[in-house]
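Report on the structure
Each chain, letter by letter, is given below.
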Amino acid sequence: MKSLIRLLLLASAVICGSVGAQPVTKIVVPFAAGGGTDVYVRLLASEITKAGIPVIVENKPGASGNIAADYVAKSRPDGHTVFVGTNSTMANNTVLFEKLPYDPLKDFVPVTHIGYQPMIIVARTDLPYSTLQEMVAYAKANPGKINRGSPGAGIISNLAPLMFERQAGIRTTHIPFNGDAPGLQALLSGSIDIHGTSITASLPHVQSGKIRVLGVMDNKRLSQVPSAPTFKEAGYDVEAYAWYTLVAPAGTPREAVERLNKAVNQVLVREDFIAKAQAMGMEPRGGSSEELGKYIRKEYERWVPLLKSLELTKSTY
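Residues numbered from 1 in each chain as written. Predicted model: local features only at pLDDT ≥ 70, side-chain atom pairs only at ≥ 80, totals over all residues. Heavy atoms only, no water.

1. Regarding the overall build of the protein
- Regarding its fold elements, the protein presents 11 helices and 11 strands.
- For the protein, the C-alpha radius of gyration of 20 Å lies close to 20 Å, the compact-globule estimate for 317 residues.
- Residues classed as buried in the protein amount to 53% of the 317 residues present.
- Nonlocal contacts in the protein, meaning residues at least 24 apart in sequence, comprise 78% of its contacts between residues at least 6 apart. (Helix = DSSP H or I, 4+ residues; strand = E, 2+ residues; numbered from the N terminus. Rg over C-alpha atoms; globule rule 2.2 N^0.38 Å. Buried < 20%, exposed > 50% of the residue type's maximum accessible area, 1.4 Å probe, protein only. Contact = heavy atoms within 4.5 Å.)

Here it is as structure tokens:
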């Protein structure tokens, strides 16, 4: 992975120096360089550039993505600055912060989906249950005894398992961590029993047999762990994803949106690109601007009320 990161960073530098006076499209990533999302976006940017649209990546981490979102929302709407919108920046942060400097539903125009990661629940292998059905039965017989970790209270890795618990009629004891890594370490050490996450960080531990995937919150099984059933296969109507999109400042010309949408979607369906994406735990997903607009609003209306019901302490921007 480190060598891939170095190559992608080098590719971005080469792109910056070679495009000359050509119009360059800048993709702003709300995370630090080198992380999973950044590596995926750089891979995508490299392929789009090869297809004829010069693209560079700029990282603006901080404030749960709000710094980058605000920057792009206030950028010139000329089609050359786009933002990697996520669950947090396009929906959840409206509840988690006292006030945002941007409106996710008004200050952006959707361009296209670029990928998603289905949420999963992983568990220790020494527990008295090895399937979702067995876990539900155990949880009903032992309310609150299951300790469930997540990378944070207000993010999808907690909200999705919480939605499942409400549907299944069970209750666990939620223990939030400051990120995925410490949560997985707590799982491995036996401090918690199950953990809400994605396959990216947990795959090495699953492959080593230290933990198991109880269920996948997608409509299909994961290619990386084909033996793990989906929640729907287990009888629970649950789908939840960490999703990644491209959005542009409101007022961006329609032709600019369509041009970038076409270039991105041509890359996303290529078999070689899909294989590289899945190797890093990402599932490519494209589609039209209109489809993305409907999806973002649907996700907003799905998760924001749940977040509000948790009555979490709000942060200041």
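Once the structure has been displayed, the description carries forward.
2. Observations concerning the nonpolar core
- The biggest cluster of nonpolar side chains holds 81 residues, and the ones touching the most others in it are Phe108, Ile114, Met135, Phe164, Tyr236 and Leu246.
- Dropping the residues within four chain positions of it, Ile114 is found in contact with Tyr40, Val41, Leu44, Val84, Tyr244, Thr245, Leu246, Val264, Leu268, Pro284 and Arg285.
- If you look at the next biggest cluster of nonpolar residues, it comprises 15 residues, including Ile199, Val213, Leu222 and Val225. (Core = buried A, V, L, I, M, F, W, Y, C linked by side-chain atoms within 4.5 Å.)

3. Observations concerning the packing of aromatic side chains
- If you walk through the whole model with that rule in mind, you get eight aromatic pairs.
- For the ring pair Phe164 and Phe231, a centre distance of 5.0 Å and an interplane angle of 85 degrees mean the geometry is edge-to-face. Note that Phe164 is positioned in helix α6 (residues 156-168) and Phe231 in the loop between β9 (211-216) and β10 (241-249), a separation of 67 residues in sequence. Take Phe164 and Phe231: they sit in the same class, and that class is buried.
- Aromatic pair Trp243 and Tyr295: ring centres 5.7 Å apart, planes at 80 degrees, arrangement edge-to-face. Here the residue Trp243 occupies a position in strand β10, and Tyr295 occupies one in helix α11 (residues 289-310), the gap between them amounting to 52 residues. Side by side, Trp243 and Tyr295 carry an identical accessibility label, which is buried.
- Taken together, Phe83, Tyr102 and Phe108 form an aromatic cluster joined through their ring pairs.
- Here the guanidinium or amino end of Arg285 rests over the ring plane of Tyr116, the centre of that ring lying 4.2 Å away. (Phe/Tyr/Trp six-rings, centres within 6.5 Å; stacked < 30°, edge-to-face > 60°. Lys NZ or Arg CZ within 6 Å of the ring centre and 35° of its normal.)

4. Some details on the packing of helix α2 (residues 36-50) against helix α10 (residues 271-279)
- Contact geometry for α2 and α10: axes closest at 10 Å, N-to-C directions at 165 degrees. Judged by the angle between their axes, α2 and α10 are roughly antiparallel. The chirality of how α2 crosses α10 is right-handed. Along its contact with α2, which presents Tyr40, Leu43, Leu44 and Glu47, the element α10 presents Phe273, Lys276 and Ala277.
- Residue composition of the contact of α2 with α10, by class: five nonpolar, no polar and two charged. (Axes fitted to C-alpha atoms, helices over the stretch in contact; angles between N-to-C directions. Parallel < 35°, antiparallel > 145°, perpendicular 65-115°, else oblique. Left-handed = near helix turned anticlockwise from the far one by under 90°. Nonpolar A, V, L, I, M, F, W, Y, C, P; charged D, E, K, R; others polar.)

5. A look at the pairing of strand β7 (residues 173-176)
- Direction of pairing for strand β6 (residues 147-150) relative to β7: parallel, over a ladder of four bridges. What sits directly across from Arg148, in β7, is His174.
- This β-α-β element, β6 to α6 to β7, shows right-handed connectivity. (Pairing = 2+ DSSP bridges. Right-handed = clockwise from strand over helix to strand, strands pointing away.)

6. A few points about the domain arrangement of the protein
- Once the domains are mapped, the protein shows domain 1 (25-116 + 242-309) and domain 2 (118-234).
- Computed over C-alpha atoms, the centres of domain 1 and domain 2 are 27 Å apart.
- On the domain 2 side, the residues contacting the 15 residues of domain 1 number 16 residues.
- Between domain 1 and domain 2 lies a buried interface of about 1,300 Å² when both sides are counted; carbon and sulfur atoms form 59% of it.
- Considering only the surface of domain 1 that becomes buried against domain 2, Tyr116, Trp303 and Leu306 emerge as the three largest contributors, covering 36% of it. (Domains from an automatic or database assignment. Buried area = accessible area lost by both parts, 1.4 Å probe.)

7. Quick word on the pattern of salt bridges
- Here the structure, examined in full by the defined rule, presents 17 salt bridges.
- In this structure, the salt-bridge partner of Lys50 is Glu47, at a minimum N-O distance of 3.3 Å. Highlighted residues: Lys50 and Glu47, both in helix α2, separated by three residues, approximately one helical turn.
- Overall, Glu47 belongs to the buried group, its relative accessible area being 7%.
- The residue Glu290 makes a salt bridge to Arg254 at a minimum N-O spacing of 2.5 Å. (Salt bridge = Lys/Arg side-chain N within 4 Å of Asp/Glu carboxyl O.)

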